[in-house]
Amino acid sequence: MFKQANVTLLVSDMKRSIAFYRDVLGFQVAGEYGGEFAEIDAPGVRIGLHPGGKAPLTPHARHMSIGLQVGDLDAPSAELEKRGLKLGDRVPDPGLAIRNFTDPDGHPFYLVEVKWG
């Protein structure tokens, strides 16, 4: 029934956001549509970027975040920090290792290493 699903994020600067997702996170740009929409392919999800106003956008309620699962938290963390991404401290949890970050518009993301199972 459904062809694909995506998460759409409103952004204040399309060029800056596309560069962040492509150059910092290393995702592929699947399509750009005249500055009105861009599709970013991340593992397991397509992220849609759409202009949403001037920065800063209204504060996020944090009811949604995008998690990026990794095998080992240390290597991807080091690589992303080398690319200029500011990651939060490890969140203490016995079954997970988590580091939070945001995109240029404050959309919440996290890296997660699953330690159980």
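Analysis parameters
Residues numbered from 1 in each chain as written. Predicted model: local features only at pLDDT ≥ 70, side-chain atom pairs only at ≥ 80, totals over all residues. Heavy atoms only, no water. Helix = DSSP H or I, 4+ residues; strand = E, 2+ residues; numbered from the N terminus. Buried < 20%, exposed > 50% of the residue type's maximum accessible area, 1.4 Å probe, protein only. Contact = heavy atoms within 4.5 Å. Areas by Shrake-Rupley, 256 points an atom, 1.4 Å probe, with all protein chains shown as cover. Pairing = 2+ DSSP bridges.

A. Representation of the overall build of the chain within the structure. Helices and strands together make up the secondary structure of the chain, namely two helices and seven strands. For the chain, the proportion of its 117 residues judged to be buried stands at 37%. The long-range fraction of contacts in the chain, counting pairs at least 24 apart against all pairs at least 6 apart in sequence, stands at 52%. Per element, the accessible surface of the chain, about 7200 Å² overall, is 54% carbon and sulfur.

B. Broad picture of the pairing of strand β3 (residues 38-42). The buried fraction of β3 is high, at four of five residues. In the sheet, strand β2 (residues 28-32) pairs with β3 via four bridges, with the strands oriented antiparallel. Looking across to β3, one finds that glutamine 28 is bridged to aspartate 41. As consecutive antiparallel partners, β2 and β3 are separated by five residues, and within that stretch glycine 34 has a phi angle of approximately 55°, a positive value. Sheet topology places β3 next to strand β4 (residues 45-51); five bridges connect them, and they run antiparallel.

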